[in-house]
Amino acid sequence: MVASVKLGMILNHTGRFDESVELLLAYEQAGLHLAAVPESYSFDAVSKLGYLAAKTDRIELMSAILQVYSRTPALTAMTAAGLDYVSDGRFTLGLGASGPQVVEGFHGIKYDAPLGRTREVVEICRKVWRRDPLAYDGKYYRVPLAKEHGGSGLGKPMKIINHPVRAEIPISVAALGVKNVALVAEIAQGWQPLFFHPLKAQQVWGEALNAGFSKRDPALGELDIQLQVQFHLGEPSPEAVQRVRNQLALYIGGMGARDKNFYNQLACRYGYDAEATEIQDLYLSGMKAKAAEAVPQELLDAVTLMGDEDSIRRQLEEFQAAGVRTFLLNPLAEDPGERVEHVRSLARIVAGETVGGAA
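The structure displayed is predicted, hence computed values, not measured ones.

1. A look at the overall build of the chain
Of the regular secondary structure elements, the chain holds 14 helices and twelve strands. Computed over C-alpha atoms, the radius of gyration of the chain comes to 21 Å, within 12% of the 21 Å expected from 2.2 N^0.38 for 359 residues, which places it in the range of a compact globule. Expressed along its principal axes, the backbone C-alpha trace of the chain runs to roughly 65 × 45 × 40 Å. Partitioning the intrachain contacts of the chain with sequence separation of at least 6 by distance along the chain shows that 75% fall at a separation of at least 24. Within the structure as shown, the chain displays about 16500 Å² of accessible surface, and the carbon and sulfur contribution to it stands at 53%. The positive charge centre, built from 37 side chains, and the negative charge centre, built from 43, are 8 Å apart in the chain.

Put into structure tokens, the structure is as follows:
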């Protein structure tokens, strides 16, 4: 039996909102607890989250992620409070720094100090939700903006007009860098890593997590590792495996500049230095198919949740031993109905039942 595991799902950027609700209700009946909505340079996540909140009653909702640069801290706090209100206390604020390609390329905002900005955004959000008069003098954000810092001198500390449903909305942060992960362990309720290798998690993240935990307020509770993971019950098709290879090649090889690729650096920290270099060289040279071929099978197997029932149970136990408590699934089955049934079977496996193979 795999205890204390919550099943969630990352919803696609594309597709009609009403179709998302129809599928989400089917997934909820199959055992899904949480739906997360991404935001890169797509439609904003807030519109879809608000729509889902209005059309559902029980399923938890989360942003995955809102970028700390693209909204003021107060607007982020207001938005989260509004989503928590419309969902009757079912919202988790997922935050992240994203990267310079999106922040500078799409928003035209300088990508600087992701660590410091994340800390200050979290602190400001919590002040807003407590309805404290918002007076904050940080390194990156000053509220109100005083005359000596370029303001008119007319700004006064204010508190949010509405009364939030909760004074402490859970915060989850996407992070990969060592210092970023230490910050998450210190200040957040949840952590959203990507390409999480459970057997190498302690080797790569242990020191950073322990550093953060040493400063953590016990009132935050256990850190909920909310893992985005590709999922298939039973033998996946070659096309599905290829999609996973392509994604890994894209992130390790082409996500960011050569010396600013966080995912390439992560692969190196896992011990795949030579492979990561080869993937990046191939990808940046335009040989994307060869880059995908160069992705180590061992890495692909470790960071996904795929296989027969026994294999899935083993992988779940490995992830759980590494601290994962929430899975944000990306089901790989081609047919929508089959994807729902795979999630239903996974919920039964988590509950300790035998499902007898793929649905």
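Once you've had a look at it, read on.
2. Topic: the nonpolar core
Counting 105 residues, the largest nonpolar core has Trp129, Trp191, Trp205, Leu305 and Phe327 as its most contacted members. Top element by residues in this core is helix α8 (residues 238–254). It accounts for seven residues. The next biggest cluster of nonpolar side chains, apart from the first, holds six residues, and it includes Ile10, Leu34, Ala36 and Met62.

3. Observations concerning the packing of helix α1 (residues 17–30) against helix α2 (residues 45–55)
Running from N to C, α1 and α2 point in directions that differ by 50°, and their axes come no closer than 10 Å. Between α1 and α2, the crossing angle belongs to the class labelled oblique. Every pair of crossing elements has a handedness; the one defined by α1 and α2 is right-handed. Along the contact surface, α1 presents Phe17, Asp18, Ser20, Val21 and Leu24, while α2 presents Ser47, Lys48, Tyr51, Leu52 and Lys55.

Parameters at a glance
For every chain, the first residue of its written sequence is number 1, and the numbers climb from 1 along that sequence. Only residues with pLDDT of at least 70 get local features here, since the model is predicted, and only at 80 or more are side-chain atom pairs given and counted; chain-wide, interface and lining totals rely on the full set of residues. The basis for every side-chain value is the complete set of non-hydrogen atoms in the structure, without hydrogens or water. Helix and strand labels come from DSSP, where a helix needs a run of H or I of at least four residues and a strand needs a run of E of at least two; each type is numbered from the N terminus. Only C-alpha atoms enter the radius of gyration; for comparison, a globular chain is expected to reach 2.2 Å times N to the power 0.38, where N is the number of residues. The criterion used for residue contact is that any of the two residues' heavy atoms lie within 4.5 Å. Note on areas: these come from Shrake-Rupley sampling with a 1.4 Å probe, and a residue is covered only by the protein chains present in the view. None of His or the chain ends enter the tally, which takes Lys and Arg as positive and Asp and Glu as negative. For this purpose, a charge sits on NZ of Lys, CZ of Arg, CG of Asp or CD of Glu. Nine residue types can take part in a nonpolar core, namely buried Ala, Val, Leu, Ile, Met, Phe, Trp, Tyr and Cys, and a core is a set of them joined through side-chain atoms within 4.5 Å. Relative accessibility thresholds used throughout: buried, under 20% of the residue-type maximum; exposed, over 50%; partly exposed, between the two (1.4 Å probe, protein chains only). Between the N-to-C directions of two axes lies an angle of 0 to 180 degrees, each axis being a line fitted to C-alpha atoms and, for a helix, fitted only over the stretch in contact. Our angle categories are set so that under 35 degrees counts as roughly parallel, over 145 as roughly antiparallel, 65 to 115 as roughly perpendicular, and the remainder as oblique. In this scheme the handedness of a crossing depends on how the near helix is turned from the far one: anticlockwise by less than a right angle means left-handed, clockwise means right-handed.

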